[in-house]
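Geometric and topological summary
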Amino acid sequence: GGGGEAKAPPPLPPEARALDEFEKKMATMLRQRFAGKDKMISDTYALQFIRGYRGDKNPERVILAKYEEMLKKRSEYNIDNVVTSRPEGWEEFNKACKLGVLGETRDGRPVYYERLGLYEPKDMNKLGFDKLMACHIRMQEEMRYLKETISRRTGHRMYKHVVILDMSGFGLKHMSRDVVGKLRKLMAFDSHMYPESLKCLYIVNAPWIFQKAWSLVKGILHQKTQERIKIIGTNKAKITEKISPLVDTRAIPTWLGGRNDAPLLGICSEAAEEMVSSHLRTGGGGGGGGGGGYPETHRASTQSPGDSKDSTTAMSRERVAEEEEEAGNGGNAGTGGTGGNGGNGGTSTTAATTPTTMTSRVTTDTTPDMMEALMQSPVSMRGRGFGDQEGRLAAGGGSRRVHAGGIPSPCTPAEPGGGALFDS
């Protein structure tokens, strides 16, 4: 009320742009080449490999090789099932590692914090590297599911998050050969498995000794990733000044000069497990002839706003008929993270395959309250498509029904469809 001007919606993330011809070609090639081996890989996750390596020499060969390597690693570490059961040692991991999502950026990206300077190497050694790796993977997969859930809720693709590493307390004990070796292995793993995941990384409270440690590990990262990293010293006012254009001071933790006093939850929190359970159950949309509330629908048919016909995405084209036959109800059968689309009025079958090892507090959809609990954001998420019950995507005058609990956020007329995940 008050007659004030309506607040303009935040701009769409760059990730929401439509696929170009090269990306469509590679998307189809990946799905054909690895059919049956990548059922748990969402379209967005696959697209990260295409966009992450398309600038390399011989990009087609590199993308295929990196994607295949990712699938082998996921099989080796049983990553497809990592979010359905808590890894051994997760409680010790949370005590030893001070990390977690805390708030969001001004444009709605999750912000991940890690207080590396508070780590005790002896606790890491006690946990053991195998358990450390398993818990680290769980953390990465929770983040991936969180970003895909946010994408579903807002109606446009977003796969990059912000990382802030606090180096307060970092000293010589963190520079031993053993510690640096473990760090290099984790960084190499992330670089191979989660390309194009990082929007930017701030390393804050970095003492002079950290410069030496950084020189030992940064070479593991892709050059594009290195360019997204900013190192800030120990002046708290300077840290807040550099971060606040990106993150509201209400969301910045108090120990970095902000006003958010929520704790870092670590991995396997109840909020995270509810979010993952909901994501698995709804399968990226589910039910209804409009293709569900999340434009991706994981290798399934999608519908552009204002279009009453289903159109098959580049990633999906080779498998839709087979999966619809599996479902037997006009929609594809969802398995784990790859969910069921609305099809011709069919419903998702993922509920029957929800892992019993997850928390029993399963919801049928990701609510704004759940998202705020997980991200611990003091800035309400309801202004960006969370919690609006009308169920329409206002894009170019078109509309699309989605399931209750939220609608995709408004998009500008200059980008009809609001960056639908795969515009074919």
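The subject of this paragraph is the overall build of the protein. A count of helices and strands for the protein gives 13 helices and seven strands. Every one of the 424 residues in the protein was classed for burial, and the buried ones make up 58%. Taking as baseline every contact in the protein between residues at least 6 positions apart, the subset at least 24 positions apart corresponds to 74%. Of the roughly 18,000 Å² that the protein leaves accessible, carbon and sulfur atoms contribute 51%.

All right, on to the sheet that holds strand S2 (residues 110-114) then. With mixed pairing, the five strands of this open sheet are ordered in space as S1-S2-S3-S4-S5. Either end of the sheet is taken by a strand with one partner, and the two such strands are strand S1 (99-104) and strand S5 (229-231). Ignoring which end each strand starts from, the neighbouring axes of this sheet average 20° apart. Pairing geometry for strand S4 (residues 198-204) and S5, over three bridges, is parallel. In the sheet register, leucine 201 faces S5, and the bridge partner there is isoleucine 229. Where helix H6 (residues 129-154) meets the sheet, it contacts S1, S2 and strand S3 (161-166), and its direction lies at approximately 165° from that of S2.

Turning our eyes to something else, we now look at the confidence of the model for the protein. With 65% of its residues at a pLDDT of at least 70, the protein reaches an overall mean of 72. For the stretch residues 380-424, pLDDT sits under 50, and the model shows 128 contacts to residues farther than four places along the chain or on other chains.

Taken as a whole, this structure holds eight aromatic pairs when the rule is applied. With a centroid separation of 5.7 Å and 85° between ring planes, the pair formed by phenylalanine 170 and phenylalanine 210 is classed as edge-to-face. Taken as a pair, phenylalanine 170 in the loop between S3 and helix H7 (177-193) and phenylalanine 210 in helix H8 (residues 208-217) lie far apart in primary sequence, 40 residues in all. Over the ring of tryptophan 255 we find arginine 115; its NZ or CZ atom is 3.9 Å from the centre of that ring. Note that lysine 230 overlies the ring of tyrosine 202, its terminal NZ or CZ placed 5.7 Å from the centroid.

Quick look at the pairing of S4 now. Most of S4 is tucked away, with six of its seven residues classed as buried. Both S3 and S4 contribute to a ladder of six bridges, which runs parallel. Bridge pairing in S4 links leucine 165 to isoleucine 203. In this region the chain leaves S3, passes through H7 and returns to the parallel neighbour S4; the handedness of that crossover is right-handed.

Okay, the environment of glutamate 23 next. In this structure, glutamate 23 sits in helix H1 (residues 21-33). Sequence spacing of glutamate 23 and isoleucine 50 is 27 residues, and the spatial spacing of their C-alpha atoms is 6.5 Å. Excluding its chain neighbours within four sequence positions, the residues that come into contact with glutamate 23 are Arg17, Ala18, Ile50, Arg51 and Arg54. At a separation of 3.1 Å, a polar atom in the side chain of glutamate 23 contacts the side chain of arginine 17.

Take unusual backbone geometry next. Of note, asparagine 58 is a non-glycine position whose phi angle comes to about 55°, a positive value. Looking at where asparagine 58 falls in the secondary structure, it is placed in the loop between helix H2 (43-53) and helix H3 (59-76). Overall, the relative accessible area of 42% leaves asparagine 58 in the partly exposed class. In this structure, cysteine 268 is a non-glycine residue whose phi angle is positive, near 60°. With respect to the element layout, cysteine 268 can be found in the loop between helix H10 (236-243) and helix H11 (270-282).

Right, let's talk about the nonpolar core for a bit. One finds Tyr67 and Ile203 to be the most contacted residues of the largest nonpolar core, which totals 72 residues. If you tally residues by element for this core, the top one is H6, at nine residues. Not counting residues within four places of it along the chain, the set of residues in contact with tyrosine 67 comprises Leu30, Arg31, Phe34, Asp38, Ile41, Ala46 and Phe49. Counting 17 residues, the second-largest nonpolar core is a separate cluster that includes Leu102, Tyr202, Ile243 and Trp255.

Tallied over the entire structure, the rule returns 27 salt bridges. Aspartate 178 is paired through a salt bridge with lysine 182; the nearest N and O atoms lie 2.6 Å apart. On the criterion of helical spacing, the pair formed by aspartate 178 and lysine 182 is a turn pair, its members being four residues apart in helix H7. The buried category is assigned to lysine 182, whose relative accessible area is 14%.

Glancing now at the packing of H1 against H2. Close contact between H1 and H2 brings their axes to 10 Å; oriented N to C, the two are set at 120°. If you check the angle between H1 and H2, you find them oblique. Like other packed secondary-structure pairs, H1 and H2 cross with a definite hand, here right-handed. Where H1 abuts H2, its residues Phe22, Glu23, Met26, Ala27, Leu30 and Arg31 lie against Asp43, Ala46, Ile50 and Arg51. Tallied by class, residues from the contact of H1 with H2 come to six nonpolar, no polar and four charged.

To continue, consider the state of the cysteines. For the structure on display, the rule yields zero disulfides. Cysteine cysteine 135 shares no disulfide, and the gap to the nearest cysteine sulfur, in cysteine 268, comes to 6.9 Å.

The N-to-C vectors of H1 and H3 enclose an angle of 40°; their axes lie 11 Å apart at closest approach. As far as their axial angle goes, H3 and H1 are oblique. Note on packing geometry: the crossing formed by H1 with H3 is right-handed. Listed contacts from H3 to Phe22, Lys25, Met26, Met29, Leu30, Arg31 and Arg33 of H1 are Pro59, Glu60, Ile63, Leu64 and Tyr67.

Thresholds applied
Residues numbered from 1 in each chain as written. Predicted model: local features only at pLDDT ≥ 70, side-chain atom pairs only at ≥ 80, totals over all residues. Heavy atoms only, no water. Helix = DSSP H or I, 4+ residues; strand = E, 2+ residues; numbered from the N terminus. Buried < 20%, exposed > 50% of the residue type's maximum accessible area, 1.4 Å probe, protein only. Contact = heavy atoms within 4.5 Å. Areas by Shrake-Rupley, 256 points an atom, 1.4 Å probe, with all protein chains shown as cover. Pairing = 2+ DSSP bridges. Axes fitted to C-alpha atoms, helices over the stretch in contact; angles between N-to-C directions. pLDDT = per-residue confidence, 0-100. Phe/Tyr/Trp six-rings, centres within 6.5 Å; stacked < 30°, edge-to-face > 60°. Lys NZ or Arg CZ within 6 Å of the ring centre and 35° of its normal. Right-handed = clockwise from strand over helix to strand, strands pointing away. Polar contact = N/O pair within 3.5 Å; in protein donor to acceptor, adjacent residues only side chain to side chain. Core = buried A, V, L, I, M, F, W, Y, C linked by side-chain atoms within 4.5 Å. Salt bridge = Lys/Arg side-chain N within 4 Å of Asp/Glu carboxyl O. Parallel < 35°, antiparallel > 145°, perpendicular 65-115°, else oblique. Left-handed = near helix turned anticlockwise from the far one by under 90°. Nonpolar A, V, L, I, M, F, W, Y, C, P; charged D, E, K, R; others polar. Disulfide = S-S within 2.5 Å.

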